Number of protein chains: 8
Amino acid sequence: MADVAIVMGSQSDWPTMKCAADVLGELQVSYEARIVSAHRTPDRLHEFGKTAHEQGFKVVVAGAGGAAHLPGMIAALTHLPVLGVPVKSKALNGIDSLLSIVQMPAGVPTGTLAIGEAGATNAGLLAAAILAIGDDALAQRLVAWRAARTAAVNETPQD
Amino acid sequence: MADVAIVMGSQSDWPTMKCAADVLGELQVSYEARIVSAHRTPDRLHEFGKTAHEQGFKVVVAGAGGAAHLPGMIAALTHLPVLGVPVKSKALNGIDSLLSIVQMPAGVPTGTLAIGEAGATNAGLLAAAILAIGDDALAQRLVAWRAARTAAVNETPQD
Amino acid sequence: MADVAIVMGSQSDWPTMKCAADVLGELQVSYEARIVSAHRTPDRLHEFGKTAHEQGFKVVVAGAGGAAHLPGMIAALTHLPVLGVPVKSKALNGIDSLLSIVQMPAGVPTGTLAIGEAGATNAGLLAAAILAIGDDALAQRLVAWRAARTAAVNETPQD
Amino acid sequence: MADVAIVMGSQSDWPTMKCAADVLGELQVSYEARIVSAHRTPDRLHEFGKTAHEQGFKVVVAGAGGAAHLPGMIAALTHLPVLGVPVKSKALNGIDSLLSIVQMPAGVPTGTLAIGEAGATNAGLLAAAILAIGDDALAQRLVAWRAARTAAVNETPQD
Amino acid sequence: MADVAIVMGSQSDWPTMKCAADVLGELQVSYEARIVSAHRTPDRLHEFGKTAHEQGFKVVVAGAGGAAHLPGMIAALTHLPVLGVPVKSKALNGIDSLLSIVQMPAGVPTGTLAIGEAGATNAGLLAAAILAIGDDALAQRLVAWRAARTAAVNETPQD
Amino acid sequence: MADVAIVMGSQSDWPTMKCAADVLGELQVSYEARIVSAHRTPDRLHEFGKTAHEQGFKVVVAGAGGAAHLPGMIAALTHLPVLGVPVKSKALNGIDSLLSIVQMPAGVPTGTLAIGEAGATNAGLLAAAILAIGDDALAQRLVAWRAARTAAVNETPQD
Amino acid sequence: MADVAIVMGSQSDWPTMKCAADVLGELQVSYEARIVSAHRTPDRLHEFGKTAHEQGFKVVVAGAGGAAHLPGMIAALTHLPVLGVPVKSKALNGIDSLLSIVQMPAGVPTGTLAIGEAGATNAGLLAAAILAIGDDALAQRLVAWRAARTAAVNETPQD
Amino acid sequence: MADVAIVMGSQSDWPTMKCAADVLGELQVSYEARIVSAHRTPDRLHEFGKTAHEQGFKVVVAGAGGAAHLPGMIAALTHLPVLGVPVKSKALNGIDSLLSIVQMPAGVPTGTLAIGEAGATNAGLLAAAILAIGDDALAQRLVAWRAARTAAVNETPQD
């Protein structure tokens, strides 16, 4: 039983969404990665959304590109917090993905991160921050992770 | 039993989507208008998409605004032709609606019309054109409707 | 005599529009591919639009890029359903093609698909869905095609 | 027989396109204003484009909004210089009109002006500038018109 | 001691951000609303971010418009989950606010909601969903709130 | 003494603007190509604009990228027709160039062509069309050039 | 002899640019406001740019809308620091003004502020900040002005 | 003690920001380059902004990409003039960086330059222009630098 579900619309989203998995791994947060295509496997989507809570997930991270309906449709099906990652699209660089995910109507939220890999990493971090509310040890790991990042910033740029 | 289903995400889409109903009425094409919210009533959406064909619908016209998932999700659930109408949104004038509807991945098409009322009228017309392939009388009514529009164009502008 | 006309503005659109041809081929829908340039061969366009119906076409799929006038102009000349494919353009990635095709005024619809190859594939699929209304065997092939796509989606992403 | 044809897609474009007529009137350039809808009256468009030269027009000013195909289609049908005015559209403020007019493929030019009334005025002025190449008296009127505009600019802003 | 901090860049953001407060009130989630201007009160921002956790806040909802730096800067200063609301801006309708909030670099996430009031409501709902992970009673209230919204959707549109 | 001045903001615009020169050459229209940088050589710009008419130019084709001020500033300085070519820019693909050239205020027109090479070719063609008003031989060459292009369009696409 | 020149393209820019004047007045910085239209009064522009330094100006604040060439052209003509204010335009809300001002090529800078009144106020403030480098009393007034603004921010929003 | 601080959000901004350093070097203006990440090192940012003036800096040049908060946050913390450079971002080519930097609210200005290297060069030049107000020798070097650039512009383009 994992705390975070990382779902994505297709195999091609994995190189992006792997960044979420990586950072969750670094923070020792359990996760499962699955492919759930809103458009090609709508039954799987429906089933996943309906049962995400009872499967024991606490947070859902969902990534998709183009007319990206996956995060919003999961958010329609579960009361769990859903974080959306706009995957960079071919023609429009992910601006379509971003608007399709973030512009949800009042009532059904998706917490949206940046387009692409940075967004996937940040979805992992935000999921961790959410779980850390009730998990002090995780909170400390998160604080330490952030502190290490801060410490790694050089004072001056190098040629 | 109606030929065309006109579905929309909320009551607030009706002033736009009514244009589809109006033109279908003029062309004597049967339709039913329903509210199916992808985000607030995902079960209704799932049910509708799954049964649209057996309910006897031949074409689905779907309108929604913002992160507009309704047309694409119906298209994921039925093999019937789905036409999408991007309803004008509050902040972004419907560019979000348009991209959310039109940028579907290969495999699940939505035939998308213009943003707003023109798009809704045209969804009705395109549904009629589709049905007219197998209905000569409708084809004639459509041709006549178009001819009347042509005839109504003045030669010169009036102050 | 083919059911679907696939027309495009220039030879350079063929790598995109071929995706429509391919999927129609897979679904055993007859088609003819032609070059009809709205801007370089306006007479051919006029002739094509005027006679598309009597040539026996039932659906027109039209692709063009930039100031893409082909789909809309054909839609002005025939009452057949016209599906538009915005071909990716050089400078603006197809956002110009998309708006030129989708933003038609009330009265003359073009059912618009996604920018680029996904859109061309989907135009083929939507044409098939339209023809399937009156062709049960095609409907079954389409349903099977979709089911195969659904079945091909893995449960989990692979590195 | 007028030197400039001012054509527009619909009566609703006239309040914009009238600005072109007004400035041509001030400069004593003859013009005729006509409605030629690319989408509702494609035959009229074809006829107009084919005969514009033999009707004696020397320059065509064409205005349209949304998926604005009129200027480019006329340019496809005549070798006369065609100037395009993107009329402000309802949902997208004319950015669709602009891209539909200006992004023409190599081979068929439309000289495009600004969105809306400023563009219409400028289409009139550019038409006059074009005609002034072969008409010294008009050139002088144009120079004077410009000089008067220059002279009318105050040195300091007034509350 | 409140669970949710609702912070905003200026008094003028309150009509938007009040939607977050309202929905939190409906769900009986405690909150405090404060003005923290990233640009006019950077010390207050720094202080708030640094102490948000020890003040007992569990989630921060932050709204701002234009070059909206508040959500991201708070996220830089605390490991608590930060949800961002892009407030509609004067000239650009909030697209600037959206990009300024959502496009955070890897390492510092803000979970971004839709532009304007819908986004503020959804920030409240997402904060509640986050808190509901560790609060079953709240989870039940949230589920009920959602169910009531679902039940309120009419089957058919009303003129 | 050449009929057309082809001016550009920098040497780096030449690969684009050469397309204008090429088509003018094909049509046997005389031209001169010059670098006139609005920003680096404002005196040369002022001088060029002021004297373009007396130098014997009849049409000015001006290309520039980014904050592209060259076409509009020349149009401010001469009553000759000025055609603008938005050169593709590094970061924004020429949408900045396009808006900087086309969105001129009422009173000072620039006839704007497409972004990049297509636009440069078309500026050459439009210049020729303008000159052809008073030059029947050129008109015939232009008509022939267009006819050859029409004849070169294949009926069907080739793999 | 004033330290700051506030120039604008037309009288209609004054309601925006007055915000620059107002804040300079509050900070007791001397200024002169003038209309210098790049397009209607190019000679005045040339003269102004060439002589701005010898007239005793130390900073130029320039505002314009649409294809806004004024700030960049002044920057081409003087080595004084030039600050640009994109005035909100009719059709495109100032995004055209912004890109026309900010996207200057390397070599000729304009320091660009926000679209509209906020940008004009900020141009005044930035001009003051620039002058304050060599004027301690002004620096103190500026610091005090900023502190007063900080102090005026309420702790909590008011209904 | 240097006159200009060149700060940037990360090492990856250095290839862009180096252009500012280079031109300041050419003009013999002293500078220091530092990495100050608004998001990863918010304390360093706070410290830097608070002490920039007492460290002896006269102008701050700040570059960042994506949700670029660095320039605006420094501007919130110091009364020194702050110049912002939008670094080109991965997905959106820097339009997000630009809007995040330029659209500051009234009261806290950042003088924004073009996206990318041109903008960084120009930030250096504008900093020099600002310092030249009180340094005649620098003014002369700047005038000479500009004159050399003018002289380097060829009269005609070379193949």
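If you're wondering where the values come from, they're calculated on a predicted model, not measured in any experiment. (Residues numbered from 1 in each chain as written. Chains lettered and ligands numbered in written order. Predicted model: local features only at pLDDT ≥ 70, side-chain atom pairs only at ≥ 80, totals over all residues. Heavy atoms only, no water.)

With that settled, consider the UniProt feature "binding site: substrate" (unreviewed entry) in chain A. All names here are of chain A. Residues annotated in UniProt with the feature "binding site: substrate" (unreviewed entry) correspond here to Ser 10, Asp 13 and Arg 40. With the annotated positions falling across 31 residues, the maximum pairwise C-alpha distance of 14.4 Å places them together in a single cluster. Relative to the helices and strands, Ser 10 resides in the loop between β1 (4-8) and α1 (14-26). Contact partners of Ser 10, with chain neighbours within four places excluded, come to Ile 35 and Arg 40. As for its placement among the helices and strands, Asp 13 is situated in the loop between β1 and α1. Look past the residues within four positions of Asp 13 in its chain and what remains in contact with it is Met 8, Gly 63, Ala 64 and Val 87. (UniProt positions renumbered as here; feature names shortened; annotations may be inferred. Helix = DSSP H or I, 4+ residues; strand = E, 2+ residues; numbered from the N terminus. Contact = heavy atoms within 4.5 Å.)

Take the relation of the copies chain A and chain E next. Once chain A has been moved 0.0 Å along the axis and rotated by 180°, it coincides with chain E to within an RMSD of 0.0 Å. Such a combination of turn and shift is consistent with a two-fold rotation axis. Taken as a fraction of all interface residues of chain A, those also at the interface in chain E reach 100%, which identifies the copy contact as same-surface. (Least-squares fit on C-alpha atoms with pLDDT ≥ 70 in both.)

Before going further, it helps to examine the packing of helix α4 (residues 95-102) of chain F against helix α4 (residues 95-102) of chain G. Relative orientation of the contacting elements α4 of chain F and α4 of chain G amounts to 105°, with a least axis distance of 9 Å. In this view, α4 of chain F runs roughly perpendicular relative to α4 of chain G, as classed from their interaxial angle. Within the contact between the two elements, α4 of chain F uses Asp 96, Leu 99 and Ser 100 of chain F and α4 of chain G uses Asp 96, Leu 99 and Ser 100 of chain G. Of the residues assigned to the contact of α4 of chain F with α4 of chain G, the class counts are 2 nonpolar, 2 polar and 2 charged. (Axes fitted to C-alpha atoms, helices over the stretch in contact; angles between N-to-C directions. Parallel < 35°, antiparallel > 145°, perpendicular 65-115°, else oblique. Nonpolar A, V, L, I, M, F, W, Y, C, P; charged D, E, K, R; others polar.)

Glancing now at the arrangement of the chains. You won't find any contact between chain D and chain E; their C-alpha atoms come no closer than 13 Å. Contact between chain D and chain H is absent, and the minimum C-alpha spacing across the pair is 17 Å.

Further remarks concern the relation of the copies chain C and chain B. Relative to chain B, chain C is turned by 180° and slid 0.0 Å along the rotation axis, the superposed coordinates differing by an RMSD of 0.0 Å. A share of 100% of interface residues in chain C that are also interface residues in chain B marks the association as one of identical surfaces.

Below, the discussion takes up the interface of chain A and chain E. Every contact between the two is made by 40 residues of chain A and, on the other side, 40 residues of chain E. Between chain A and chain E lies a buried interface of about 3000 Å² when both sides are counted; carbon and sulfur atoms form 66% of it. It is His 79, Ile 133 and Arg 146 of chain A in chain A that bury the most area against chain E; as a group they hold 21% of the surface buried on that side. Here chain A is connected to chain E by 0 salt bridges. At the boundary of chain A with chain E, the tally comes to 19 residue pairs in polar contact (both at pLDDT 80 or more). Within the residue set of the side of chain A that touches chain E, elements represented by two or more residues are α3 (70-77), α4 (95-102), β5 (111-112), α5 (117-132) and α6 (136-151) of chain A. By residue number, the principal contributor to the side of chain A that touches chain E is α5 of chain A, which donates 7 residues. Looking at the side of chain A that touches chain E, its residues break down into 28 nonpolar, 9 polar and 3 charged. (Buried area = accessible area lost by both parts, 1.4 Å probe. Salt bridge = Lys/Arg side-chain N within 4 Å of Asp/Glu carboxyl O. Polar contact = N/O pair within 3.5 Å; in protein donor to acceptor, adjacent residues only side chain to side chain.)

Right, let's talk about helix α4 (residues 95-102) of chain E for a bit. The buried fraction of α4 of chain E amounts to 7 of the 8 residues, a majority that puts the element mostly inside the structure. Buried within α4 of chain E we find Asp 96, Ser 97, Leu 98, Leu 99, Ser 100, Ile 101 and Val 102 of chain E. (Buried < 20%, exposed > 50% of the residue type's maximum accessible area, 1.4 Å probe, protein only.)

Mapped onto the fold, Thr 110 of chain G is located in the loop between α4 and β5 (111-112). Here the side chain of Thr 110 of chain G touches Ile 101 of chain G through a polar contact of 2.8 Å, landing on its backbone oxygen. In this structure, Thr 110 of chain G is in contact with Pro 71, Gly 72, Ala 75, Val 82, Ile 101, Val 102 and Met 104 of chain G together with Thr 112, Leu 113 and Leu 126 of chain H, ignoring residues within four places of it in sequence.

Further remarks concern the interface of chain C and chain B. At the interface, 40 residues of chain C touch 40 residues of chain B. For the chain C and chain B pair, buried surface summed over both sides reaches about 3000 Å², with 66% attributable to carbon and sulfur atoms. Our enumeration of links across chain C and chain B arrives at 19 residue pairs in polar contact (both at pLDDT 80 or more). When residues of the side of chain C that touches chain B are traced back to their parent elements, those giving at least two are α3 (70-77), α4 (95-102), β5 (111-112), α5 (117-132) and α6 (136-151) of chain C.

Take the packing of aromatic side chains next. Residues and elements named next belong to chain D. Evaluated as defined, the whole model comprises 8 aromatic pairs over all chains. Centre to centre, the rings of Phe 48 and Phe 57 are 6.0 Å apart; their planes meet at 50°, and the pair counts as tilted. The two residues Phe 48 and Phe 57 agree in class, both being buried. (Phe/Tyr/Trp six-rings, centres within 6.5 Å; stacked < 30°, edge-to-face > 60°.)

Turning to unusual backbone geometry, a few remarks are in order. Residue and element names in this part refer to chain B. Unlike most non-glycine residues, Asn 93 shows phi in positive territory, near 60°. Tracing the backbone shows Asn 93 in the loop between β4 (82-87) and α4 (95-102). By relative accessible area, which is 19% here, Asn 93 ends up buried.

All names here are of chain G. Extensive coverage of strand β4 (residues 82-87) is indicated by the burial of 6 of its 6 residues. Covered by surrounding structure in β4 are Val 82, Gly 84 and Pro 86 together with Leu 83, Val 85 and Val 87, the residues of both alternating faces. This β-α-β element, strand β3 (residues 59-65) to helix α3 (residues 70-77) to β4, shows right-handed connectivity. In the sheet, β4 pairs with β5 via 2 bridges, with the strands oriented parallel. By the bridge assignment for β5, Leu 83 is matched with Gly 111. Tracing the backbone out of β4, into α4 and back to the parallel element β5 gives a crossover that is right-handed. (Right-handed = clockwise from strand over helix to strand, strands pointing away. Pairing = 2+ DSSP bridges.)

Residue and element names in this part refer to chain B. Scanning the entire structure with this criterion turns up 40 salt bridges over all chains. Glu 32 serves as the salt-bridge partner of Arg 34, at 2.9 Å between the closest nitrogen and oxygen. Given the relative accessible area of 19%, Arg 34 is considered buried. Residue class for Glu 32 comes out partly exposed when judged on its relative accessible area of 30%.

Moving on: helix α1 (residues 14-26) of chain D. All names here are of chain D. Here α1 contains 13 residues, and its C-alpha end-to-end distance of 18 Å stays within 8% of the 18 Å for a straight helix at 1.5 Å per residue. Among all positions of α1, only Trp 14, Thr 16, Met 17, Cys 19, Ala 20, Ala 21, Val 23 and Leu 24 are buried. Here the buried face of α1 lies against β1 (4-8), β2 (31-35), β3 (59-65), β4 (82-87), α5 (117-132) and α6 (136-151). Positioned one or two residues after α1, Gln 28 has a phi angle of 60°, which is positive. (Expected span 1.5 Å × (residues − 1).)

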